[in-house]
Amino acid sequence: MRRITISILTTLLVALLAWGAAQSGMLRYNSYMSDPAVRDMDERIVNAFMELYPNVRVEHSTINHEDFKQAIRTYLVASPPPGVLTWFAGERMRFFTRAGLIAPITDVWQDNDWASVYSAGAQAMSRDAGEYYFVPSSYYWWAVYYRTDIYDEVGIEVPETWGQFLDNCRALDAAGYIPVTIGTRFRWPAGGWFDYLNMRVNGPEFHIRLLDGLESYESEEVRNTFAHWKQAIDAGCFIDNPAAYNWQEAADFMSQREAGMYLMGQFIMDVVPEDQQPYFDFFRFPIIDPSLPIGEDAPTDGWFIAANAANMENAKLFAGFLGSREVAEMNARDLGRLVLRTDIDPSIYTETQHKGAALLQGADYIAQFYDRDTPEELADRGMDAFVEFMANPGALDRILADLQREAERVFAARE
Amino acid sequence: MRHHPLAPLSFLLLPLGLYAVWVVFPTFATMAMAFTNWDGISPTSEWVGLANFERLFADRVFWMSLGNNLRWVAVFITIPTALGLSLALALNRNVRFDRFLKIAYYLPMVLAFVVVGLMWAWIYHPRQGLLNNTLFHLYGFAQSLGFDVNPLAARRIGWLGDPDLAMGSIIAAATWQHVGYVMILYLAGLKTVNTELLDAGQVDGASPWQLFRFITFPQLAPVTTIVLVITVIQSLRAFDLVYVMTRGGPFNSSNVLANFMYIEAFMNYNMGYGAAIAVVLFLISVGFIAVYLYRVVQQEER
Amino acid sequence: MRRLVLIVVWAGALLWLFPIAGAFVTSLRTQQDISAHGFWSVPREVSFANYAKAWERGRVSRYLVNSFIITIPSIIGMLALSSMSAYALVRFRFRLNRFLYFMFVAGMLLPFQILMLPVFQLSNRLGLYDTHLALILFHTAFQIGFCTFVLRNFLRTVPVSLFESAVIDGAGEWTIYRRIGLPLILPAFAALATLEFTWVFNDYLWALVLLSSDRLKPVTAGLSTLMGQFVNDWPLIVSGSLLAAVPTLIVFFALQRYFIEGLTMGANKG
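So, how was this worked out
- Residues numbered from 1 in each chain as written.
- Chains lettered and ligands numbered in written order.
- Predicted model: local features only at pLDDT ≥ 70, side-chain atom pairs only at ≥ 80, totals over all residues.
- Heavy atoms only, no water.
- Contact = heavy atoms within 4.5 Å.
- Buried area = accessible area lost by both parts, 1.4 Å probe.
- Salt bridge = Lys/Arg side-chain N within 4 Å of Asp/Glu carboxyl O.
- Polar contact = N/O pair within 3.5 Å; in protein donor to acceptor, adjacent residues only side chain to side chain.
- Nonpolar A, V, L, I, M, F, W, Y, C, P; charged D, E, K, R; others polar.
- Core = buried A, V, L, I, M, F, W, Y, C linked by side-chain atoms within 4.5 Å.
- Buried < 20%, exposed > 50% of the residue type's maximum accessible area, 1.4 Å probe, protein only.
- Helix = DSSP H or I, 4+ residues; strand = E, 2+ residues; numbered from the N terminus.
- Axes fitted to C-alpha atoms, helices over the stretch in contact; angles between N-to-C directions.
- Parallel < 35°, antiparallel > 145°, perpendicular 65-115°, else oblique.
- Left-handed = near helix turned anticlockwise from the far one by under 90°.
- Disulfide = S-S within 2.5 Å.
- Pairing = 2+ DSSP bridges.
- Lys, Arg positive; Asp, Glu negative; His and termini not counted.

Draft legend 1. How the structure looks around the interface of chain B and chain C. Every contact between the two is made by 102 residues of chain B and, on the other side, 104 residues of chain C. Interface area, chain B with chain C, both sides summed: about 9,500 Å², of which 78% is carbon and sulfur. In terms of surface lost to chain C, no three residues of chain B exceed B:Phe11, B:Trp22 and B:Lys191, which account for 10% of the buried area on that side. Taken together, the connections running from chain B to chain C amount to zero salt bridges. Seen at the junction of chain B and chain C, the total is eleven residue pairs in polar contact (both at pLDDT 80 or more). Partitioned by chemical class, the residues of the side of chain B that touches chain C number 74 nonpolar, 19 polar and nine charged.

Here it is as structure tokens:
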């Protein structure tokens, strides 16, 4: 009996030691890239890394995107936390750097000389208080997607001004099509409309000041934004009952040739059936005030390292690889997105990507999207307000008053 | 009943111990959180006393959610419970294919919430969904009979997109799931009913309704307690379907307390405020349940 | 009259099955087909390919064992422990009896999501974070409240005389518990086991919170990665969920004769 116990214990001990030894060459990578195409690419990246560095084993865990946003709270404070994690740039990242939960990677930036291949904007996005924390990966553009065949049939052109856009809506409506589809069941597409209208009517600088709490939602400027929104509603632009649909269901109306336009991110093409894709094109959200700088939404994803990561060396090695040209080219080629590295082979980009890149290059300011630029709590109430406004434009005064009160509370609490 | 003084302890030690560590202690930790402004991730937080609760009672969303929960309770303690009981009674005998029927009603429970939400969202889809298209044809039929209805109006009913209809739509889907649950519990309960009494009653010429009312139903009292308590708790704690189908929208018209709490605590980084919502939800539930259970326990001891 | 009742029940059953039938049909289609033609449309082509894809992408074969490792000990634990506590609450008169009963019920009253962080911190501090043991302990403990409540009420249906006669026969409490208490609440046990299996197996919130490593995840976590940030391949997700429902259905079939079939148990005889 005694001998058996000893042998069992010894085996366990050896197993434990072996497991511990194996841990030292291991790196935990948790990713929220659960979309099919993105996930495949993610795996290819991990495999490529492991080929390059055979003595580091990466344990790659993919988590549903929504769940990840909750679980990250536990990941970052667990002992030990995972090494490398995917995340968003901007306010969302700064929230964690302020809490001291992200490891500074200024050395990785310097060792790889990334300052020379990443644009100033990308660098600004990855920094907080002078230190680098973030490895930017890809971003995508937002635009008004439209069906070329419906446009041709109704005989309208790509609108350059707001007035033309409203005329297009009326024409499409008269022809029996849904002019603009939108699915606000989960609210965020309405945030896109607010971003664009606000940036076009008041300029990106005002927009960011508003989202930072330095302007009021009850100001004349914001009221003007909503006045333009109301013009679109009155012109019959929007689909009935937008809150009944999620964004994908709303996109289906375009795929089924019932709707003409959709203000959406580039990923809309991921849900359009292949045989319909040739009819999809996009244009910049119409300019309302030509004297203002142009702002566009282009949310950026990337990676960071947890502050208490177990294998910091391996984590930094991996982070360095993630920011490399090879990974950027994989992103560009396989996902149809845009990358922030400026030195990739330009022939990788398709015509569409070039068009999207040109759209963004023509912009004076890149925003991250409403719910990434303003504190989440406020974004939550803001998007509710936008959805309510679309259903009930007459209640604007009350909606703005409530929203402003919330904004004041949120920003006061952050002092 | 005299027993060894330590007998209860020997039975209760392990379950209570585990329960205390993993449930009671975190519950108290949660309640303590309600008095802070913790955001769920920072290493520090401040004590804010009753500030979260003050804010809560002034919050329009809270009252809307509470109202929705109460509506949910009202529907749940009447419809699915009555239906579940009736089904259990009907299927307790040797009906042909009874297993198929019981499984048909139980299956909704087995399906993941995401799928339930998805299926019902498609039923409720205004333009292409089953419900509106059925109504479309019904209206068309009525119109052909001469009634003044416009079939096209059927396609404009928003269901999940209509602030007045969203909550009801979700509750309907929840009822669809809950009926099977109640049925299972009553089926198990009916096994404990004394059939001799029923036989005697039948010999005496009692009608089926009288048999049910005076013999079966009273014997089902413990199960009814379970069913009512669970139903009320589920109504007050309802979360998954709301989260999956509308996330409380449009603009909070279908929000419920648990969803409100989840969004505040986990999406808005307001752990303290979320905990306050949880505490209020807990107290409301205690209010409902404790009073009821206390009376039941008193009756039992008589 | 009986005829009418049966007709209603059958009509109801078919109505009840409708969304599930819809789900099944959806799982045989492709998302492109649905996007192009709407989901209530006649499928252009059907195949079981989604099931294979869900199995593979959701890494079901890898995670299925984990699900069982988590669920089965939890069920055994919670049923064993709560039958003990239920027995104590019913059999013995002691001062804290009512209080403990309420306490077990109270555990069901808190929306469990709010416990997420405290439970996480607890397991972190106990060094149990990222282990199956943490999940098993938590599920067992958390369901004790509900199970005790249910079993306690079922135990009350057992006539006291049965217990008393055993005491007179000289049996100890544990023997009475094993020989008389447990067998008589078998239908409740079976019903509970079925319900609990459904819940614990289908849980993924706690797996999300208490686990971080890929190799420990249960099936539900794997299947939830089929949902993307933007794009959802619904037929794939639905087939994944239907796959995940299979073990629950198997358990249901295995246990249903204890609480569904027309056998009456011996409580009333003698």
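Having put the structure on the table, let's press on.
Draft legend 2. Quick look at the nonpolar core. In terms of nonpolar packing, the biggest core is built from 344 residues, with A:Trp193 and A:Tyr217 touching the most fellow members. Ranked by the residues each element gives to this core, the list is headed by helix α8 (residues 166-190) of chain B, at 16 residues. Not counting residues up to four positions away in its chain, the partners in contact with A:Tyr217 are A:Phe194, A:Leu210, A:Leu211, A:Val222, A:Tyr370, A:Leu378, A:Leu400, A:Leu403, A:Gln404 and A:Ala407.

Draft legend 3. A look at the packing of helix α2 (residues 36-52) of chain A against helix α14 (residues 325-335) of chain A. Residues and elements named next belong to chain A. In the contact formed by α2 and α14, the axes pass within 11 Å of each other and the chain directions differ by 155 degrees. The pairing of α2 with α14 is recorded here as roughly antiparallel in orientation. Here the hand of the crossing between α2 and α14 comes out right-handed. Where α2 approaches α14, its residues Ala 37, Val 38, Met 41, Arg 44, Ile 45 and Ala 48 are matched on the opposing element by Glu 326, Val 327, Met 330, Asn 331, Asp 334 and Leu 335.

Draft legend 4. Looking closely at the state of the cysteines. Residues and elements named next belong to chain A. Taken as a whole, this structure holds one disulfide over all chains when the rule is applied. Residue pairing for Cys 169: its cysteine sulfur links by disulfide to Cys 237, the two sulfurs lying 2.2 Å apart. Handedness here is read from the sign of the S-S torsion; for Cys 169 and Cys 237, about 105 degrees, the answer is right-handed. One end of the pair, Cys 169, is in helix α8 (residues 162-174); the other, Cys 237, is in the loop between α11 (220-234) and α12 (247-255), and 68 residues separate them in sequence. Since its relative accessible area comes to 0%, Cys 237 is described here as buried.

Draft legend 5. Main features of the sheet that holds strand β7 (residues 142-147) of chain A. Residue and element names in this part refer to chain A. The four strands are arranged β8-β9-β7-β10 in an open sheet whose pairing can be described as mixed. Each edge of the sheet is formed by a strand with only one pairing partner; in this case those strands are β8 (178-180) and β10 (280-283). Geometrically, the sheet is characterised by an average inter-axis angle of 30 degrees between neighbouring strands, direction not taken into account. Across five bridges, the pairing between β7 and strand β9 (residues 259-265) is antiparallel. Within the sheet, the bridge partner assigned to Tyr 145 lies in β9 and is Tyr 262.

Draft legend 6. Quick look at the side chain of A:Asp128. Residues and elements named next belong to chain A. By the secondary structure assignment, Asp 128 is in strand β4 (residues 127-128). Nearest to the buried, unbridged Asp 128 among oppositely charged side chains is Arg 94, at 4.4 Å. What Asp 128 contacts, discounting residues up to four positions off in sequence, is Arg 94, Thr 97 and Tyr 133.

Draft legend 7. A look at the sheet that holds strand β2 (residues 57-62) of chain A. Residue and element names in this part refer to chain A. Pairing within the open sheet is mixed, and its six strands lie in the order β2-β1-β3-β12-β6-β13. Two strands lie at the open edges of the sheet, namely β2 and β13 (338-339), each paired on one side alone. Inspection of the sheet shows strand β1 (residues 26-31) paired to β2 by six bridges, in the parallel sense. Along β2, the bridge assignment pairs Ser 31 with Thr 62.

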